[in-house]
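Structural overview
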Amino acid sequence: MKLRDDVTREMLADMMMEILESVKFYKADAAKLAESDPQNEFQACMRMAYQTIEDLMDARLSTLEKNPESNVESIRYKRLA
């Protein structure tokens with residue numbers, strides 16, 4: 001991913017963490033709806049889609065954290081606490 005010169009890894013990680021919080025909320029919501037109506041395949045598919053998005057974002061965040069010059073890891077775990 002190519003970023004503008006004024007965008008830092010910390011800024012990118014912060015934005016991704018905010019999106020990830022929403023994704024986790026909607027995934028949990030879809031899981032509850034799928035559980036309450038097992039015939040509703042749409043909600044089961046949406047839960048899977050949100051899980052995929054979560055996995056992809058976690059993978060991208062882990063690549064940001066591997067940079068020794070970045071303090072993204074501390075930002076990420078501070079926000080999760």
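Details of the structure are given in the entry above.
Conventions and cut-offs
Each chain carries its own residue numbering, running from 1 in the written order of its sequence. The predicted origin of the model limits local features to residues at a pLDDT of at least 70 and limits the giving and counting of side-chain atom pairs to 80 or more, whereas totals for whole chains, interfaces and linings rest on all residues. Think of the side-chain values as coming from all heavy atoms in the structure, minus any hydrogens and water. We call Phe, Tyr and Trp rings a pair once their centres come within 6.5 Å, taking the six-membered ring for Trp, and we label the pair stacked below 30 degrees between planes, edge-to-face above 60, and tilted otherwise. Any residue under 20% of the maximum accessible area for its type is buried, any over 50% is exposed, and the rest in between are partly exposed; the area is computed with a 1.4 Å probe on protein chains only. Segments assigned H or I by DSSP are reported as helices when at least four residues long, segments assigned E as strands when at least two residues long, and all are numbered from the N terminus. To form a nonpolar core, buried Ala, Val, Leu, Ile, Met, Phe, Trp, Tyr and Cys residues must be joined to one another through side-chain atoms within 4.5 Å. Salt bridges, as used here, are contacts in which a Lys or Arg side-chain nitrogen is within 4 Å of a carboxyl oxygen on Asp or Glu.

**Topic: the packing of aromatic side chains**
The tally for this structure, following the rule as stated, stands at two aromatic pairs. For the pair phenylalanine 25 and tyrosine 26, a centre-to-centre distance of 5.3 Å together with 75° between the ring planes defines the contact as edge-to-face. Of the residues examined, tyrosine 26 reaches a relative accessible area of 42% and is grouped as partly exposed. Measuring from ring centre to ring centre gives 6.0 Å for tyrosine 26 and tyrosine 50, while their planes differ by 25°; the resulting arrangement is stacked. Highlighted residues: tyrosine 26 in helix H1 (residues 9-36) and tyrosine 50 in helix H2 (residues 41-65), separated in sequence by 24 residues. Grouping aromatic residues by their ring pairs yields a cluster made of Phe25, Tyr26 and Tyr50.

**Looking at the nonpolar core**
Of all hydrophobic cores here, the largest spans eight residues; its members are Leu12, Ala13, Met16, Met17, Leu20, Met57, Leu61 and Leu64. When contributions to this core are tallied by element, the ones reaching two or more residues are H1 and H2. The greatest single-element share of this core, amounting to five residues, is contributed by H1.

**A few points about the environment of glutamate 10**
Checked against the element boundaries, glutamate 10 lands in helix H1. Along the sequence, glutamate 10 and leucine 64 sit 54 residues apart, while their C-alpha atoms lie 8.6 Å from each other.

**Remarks on the pattern of salt bridges**
Across all of its chains, the model carries one salt bridge by this definition. The residue lysine 27 makes a salt bridge to glutamate 54 at a minimum N-O spacing of 2.7 Å. Here lysine 27, found in helix H1, pairs with glutamate 54, found in helix H2; they are 27 residues apart in sequence, far enough to count as distant. Looking at glutamate 54, the relative accessible area reads 9%, which means it is buried.

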